[in-house]
Amino acid sequence: MSGERTQRMTTGIERTFRAVPQVGSGQSKTALYREILLHWIYFLDPVTGETTGMKLDKQIEGGLWKEAIGKERSLYGEFTYTFPDGIARRLVCLRENVATY
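These remarks concern the structure in this document.

Definitions and cut-offs
Residues numbered from 1 in each chain as written. Predicted model: local features only at pLDDT ≥ 70, side-chain atom pairs only at ≥ 80, totals over all residues. Heavy atoms only, no water. Salt bridge = Lys/Arg side-chain N within 4 Å of Asp/Glu carboxyl O. Helix = DSSP H or I, 4+ residues; strand = E, 2+ residues; numbered from the N terminus. Buried < 20%, exposed > 50% of the residue type's maximum accessible area, 1.4 Å probe, protein only. Core = buried A, V, L, I, M, F, W, Y, C linked by side-chain atoms within 4.5 Å. Contact = heavy atoms within 4.5 Å. Pairing = 2+ DSSP bridges. Axes fitted to C-alpha atoms, helices over the stretch in contact; angles between N-to-C directions. Phe/Tyr/Trp six-rings, centres within 6.5 Å; stacked < 30°, edge-to-face > 60°. Lys NZ or Arg CZ within 6 Å of the ring centre and 35° of its normal.

Overview of the pattern of salt bridges
Piece 1. This structure, assessed with the given rule, holds six salt bridges.
Piece 2. In this structure, arginine 89 engages glutamate 67 in a salt bridge whose closest nitrogen and oxygen atoms are separated by 3.7 Å. Highlighted residues: arginine 89 in strand β5 (residues 88-93) and glutamate 67 in strand β3 (residues 51-67), separated in sequence by 22 residues.
Piece 3. For the salt bridge of glutamate 78 with arginine 90, the shortest nitrogen-to-oxygen distance reads 3.4 Å. With glutamate 78 in strand β4 (residues 78-82) and arginine 90 in strand β5, this pair connects stretches of sequence that are 12 residues apart.
Piece 4. Residue classification places glutamate 78 among the partly exposed residues on the basis of a relative accessible area of 30%.
Piece 5. Under the relative-accessibility criterion, arginine 90 is labelled partly exposed at 27%.
Piece 6. Because the salt bridges share partners, they merge into one network encompassing Glu67, Asp85 and Arg89.

Put into structure tokens, the structure is as follows:
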């Protein structure tokens, strides 16, 4: 068994937010976002420790969030998230997370 390389792995969780489509019309609508937790498995080179590949293991839906207005706060959670458009927005959770972590 000498000289045999064994596959090494590690895991990571990525937190992202996806826009929730809203029904209705008007300017008074607040943008809502669903929290998504992505559980990744990373495959590592046994010698260098560099990532050689990755696989999405599971995806869990979390709480419902909205953009904070002014100094709005939430007992359920607050988070500043940088969206793909490069703009950081402060989000507040509307209710407890429904995900089972």
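What to know about the nonpolar core
Across soluble globular proteins, nonpolar side chains have a tendency to be buried as a group.
Piece 1. Within the largest apolar cluster, seven residues are counted, these being Phe17, Tyr33, Trp65, Tyr81, Phe83, Leu91 and Cys93.
Piece 2. With residues up to four places along the chain from it excluded, the contact list for phenylalanine 17 reads Tyr33, Arg34, Glu35, Trp65, Phe79, Tyr81, Phe83 and Leu91.

A short note on the sheet that holds β3
Piece 1. Ordered by their spatial adjacency, five strands build an open sheet running β1-β2-β3-β5-β4, and the pairing between neighbours is antiparallel. Both outer strands of the open sheet, β1 (8-19) and β4, are each paired with one neighbouring strand and no more. Between one strand and the next, the sheet's axes are offset by a mean angle of 30°, whatever the strand orientation.
Piece 2. With three bridges joining them, β3 and β5 adopt antiparallel strand pairing. Counterpart to glutamate 67 in the pairing with β5 is leucine 91.

Thoughts on the packing of aromatic side chains
Piece 1. What the rule picks out here adds up to six aromatic pairs.
Piece 2. Judged by centre distance (5.1 Å) and plane angle (65°), the rings of phenylalanine 17 and tyrosine 81 are edge-to-face. Of this pair, phenylalanine 17 sits in strand β1 while tyrosine 81 sits in strand β4, placing them 64 residues apart in sequence.
Piece 3. The class for tyrosine 81 is buried, based on a relative accessible area of 13%.
Piece 4. Here the aromatic cluster, defined as three or more aromatic residues joined through ring pairs, consists of Phe17, Tyr33, Trp65, Phe79, Tyr81 and Phe83.
Piece 5. Positioned over the ring face of phenylalanine 79 is arginine 15, at 4.2 Å from the centre of the ring.

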